[in-house]
There are 2 protein chains.
Amino acid sequence: MDAATHLFGDKGYRATTMRDIASEVGVLAGSLYAHIDSKESLLLEIVTDAFDPFTRLADYLEHASEPPEVRLRTAIEEHVRAVADSRERTLVVLHQWRYLTGAQYTRIVAMRRRYEDAFSATLEEGVASGIFGPLDVRIATFTILGVLNWVPEWFSSKGPQTVDEVAHGLADTLLLGLLRR
Amino acid sequence: MDAATHLFGDKGYRATTMRDIASEVGVLAGSLYAHIDSKESLLLEIVTDAFDPFTRLADYLEHASEPPEVRLRTAIEEHVRAVADSRERTLVVLHQWRYLTGAQYTRIVAMRRRYEDAFSATLEEGVASGIFGPLDVRIATFTILGVLNWVPEWFSSKGPQTVDEVAHGLADTLLLGLLRR
DNA sequence: CCTACCGATCGGTAGG
DNA sequence: CCTACCGATCGGTAGG
């Protein structure tokens, strides 16, 4: 699982062969099939597991009692922490889920959609209460998701900023904007 | 080129076969090699062409005489228009360039880096002049790029908003923030 | 542009 | 977990 996560995230699902995975584990390709059913089932397991922290964040956005701006800031920061926890796992869940087929594909699409909707609902609430500026909720949702989904492409635990600095910095930039207040 | 752009953007470079491309063009796979040297040379040509509008935007950010907040807003809006002009071309340049090898890979990495640096330099200038709030330039740069690089994943010309509405909406959200001013 | 094909490599399996 | 292998498919080529 770890070897596959690393390779799928780094090279992509289609560019990773079972022989690549086996070589990283230290066995031959055929031996892997004593533990898994197929290459696709391996991808499914990784994507499903990797989605877990984000599903819990959607729950939080939908059910927590804090005001919308607090829930939004918390979710943004927690999302960053989840990415930092495993960059490669997040890269797989972001880009490789397309290679799932049939019902598994449909299920992941629904999970992604639900995550988006949790942000939209929170924004909607904050616009209604007047804490968020007049804004197009659809566009604002994709603004937030764009920022969050780009994090695994550039964040490194060896980078100049700590996870918390990045989490706060991104939340601040999104909530306050680039122009001076 | 068009068929390959569509397929590379949609399914990914590694999941697209020369037979897929040939079938969309209406010939057999072998016939393509009268026009191209290799699958990778096809990817290189698409990625290089697709980078062109963004290289011109980097030039603009670096050399235009307008104040930084105007250059930033213009670049954001023009970037959105370039994406809208061809979603699939942008998807290829965003995700498939990794499958280039050797000097071609290195060249694309440099072009991406230069685009990032143009935004960073503009932000730096605006922070120095006081028009942008106190912010971490590195984090703010990735905030902007994250928003822009997510656009091809969700924008559709058949969506509820026009290109201009999206371009203005994203620029507003980034510059002014989500919280009411 | 097609016919006919190539060597390599793929995901996966049978049997031990 | 390895040996030994499979059918399918890949990018690409020679010759017409």
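Residues numbered from 1 in each chain as written. Chains lettered and ligands numbered in written order. Predicted model: local features only at pLDDT ≥ 70, side-chain atom pairs only at ≥ 80, totals over all residues. Heavy atoms only, no water.

Draft legend 1. Inspection of the protein's contact with DNA strand D at higher detail. Around DNA strand D, the neighbouring residues are Val27, Leu28, Ser31 and His35 of chain A together with Thr16, Thr17, Met18, Arg19, Gly30, Tyr33, Ser38 and Lys39 of chain B. Among the atoms of DNA strand D lying within 4 Å of the protein, the sugar-phosphate backbone contributes 64%. Backbone polar atom of methionine 18 of chain B to a phosphate oxygen of DNA strand D: 2.9 Å apart, as the coordinates give it. Measuring from a base nitrogen of DNA strand D, one finds a side-chain N or O atom of arginine 19 of chain B at 2.9 Å. Its residues assigned to classes, the surface near DNA strand D comprises four nonpolar, six polar and two charged. (Near = heavy atom within 4 Å. Polar contact = N/O pair within 3.5 Å; in protein donor to acceptor, adjacent residues only side chain to side chain. Nonpolar A, V, L, I, M, F, W, Y, C, P; charged D, E, K, R; others polar.)

Draft legend 2. Geometry of the nonpolar core. If you look at the biggest cluster of nonpolar residues, it comprises 124 residues, and the most contacted ones within it are Phe119 of chain A together with Phe119 of chain B. Not counting the four nearest positions on each side in its chain, phenylalanine 119 of chain A is found in contact with Leu61, Leu72, Ala75, Ile76, Thr141, Ile144, Leu145 and Leu148 of chain A. (Core = buried A, V, L, I, M, F, W, Y, C linked by side-chain atoms within 4.5 Å. Buried < 20%, exposed > 50% of the residue type's maximum accessible area, 1.4 Å probe, protein only. Contact = heavy atoms within 4.5 Å.)

Draft legend 3. Inspection of the pattern of salt bridges at higher detail. Considering all chains together, one arrives at 26 salt bridges over all chains under this definition. In this structure, the salt-bridge partner of aspartate 20 of chain A is lysine 11 of chain A, at a minimum N-O distance of 3.2 Å. Taking relative accessible area as the criterion, aspartate 20 of chain A reaches 25% and is therefore assigned partly exposed. A relative accessible area of 31% means that lysine 11 of chain A is categorised as partly exposed. Close ionic contact of glutamate 125 of chain B with arginine 71 of chain B constitutes a salt bridge, the shortest N to O distance being 2.9 Å. Taken together, the residues span a long stretch of sequence, with glutamate 125 of chain B in helix 6 (residues 102-129) and arginine 71 of chain B in helix 4 (residues 68-85) at a distance of 54 residues. (Salt bridge = Lys/Arg side-chain N within 4 Å of Asp/Glu carboxyl O. Helix = DSSP H or I, 4+ residues; strand = E, 2+ residues; numbered from the N terminus.)

Draft legend 4. Here's a closer look at the protein's contact with DNA strand C. Close contacts around DNA strand C come from Thr16, Thr17, Met18, Arg19, Gly30, Tyr33, Ser38 and Lys39 of chain A together with Val27, Leu28, Ser31 and His35 of chain B, and that covers them all. At the protein interface, 65% of the atoms of DNA strand C within 4 Å belong to sugar or phosphate. Between DNA strand C and the protein, one listed contact pairs a phosphate oxygen with a side-chain N or O atom of histidine 35 of chain B at 3.0 Å. Partitioned by chemical class, the residues of the surface near DNA strand C number four nonpolar, six polar and two charged.

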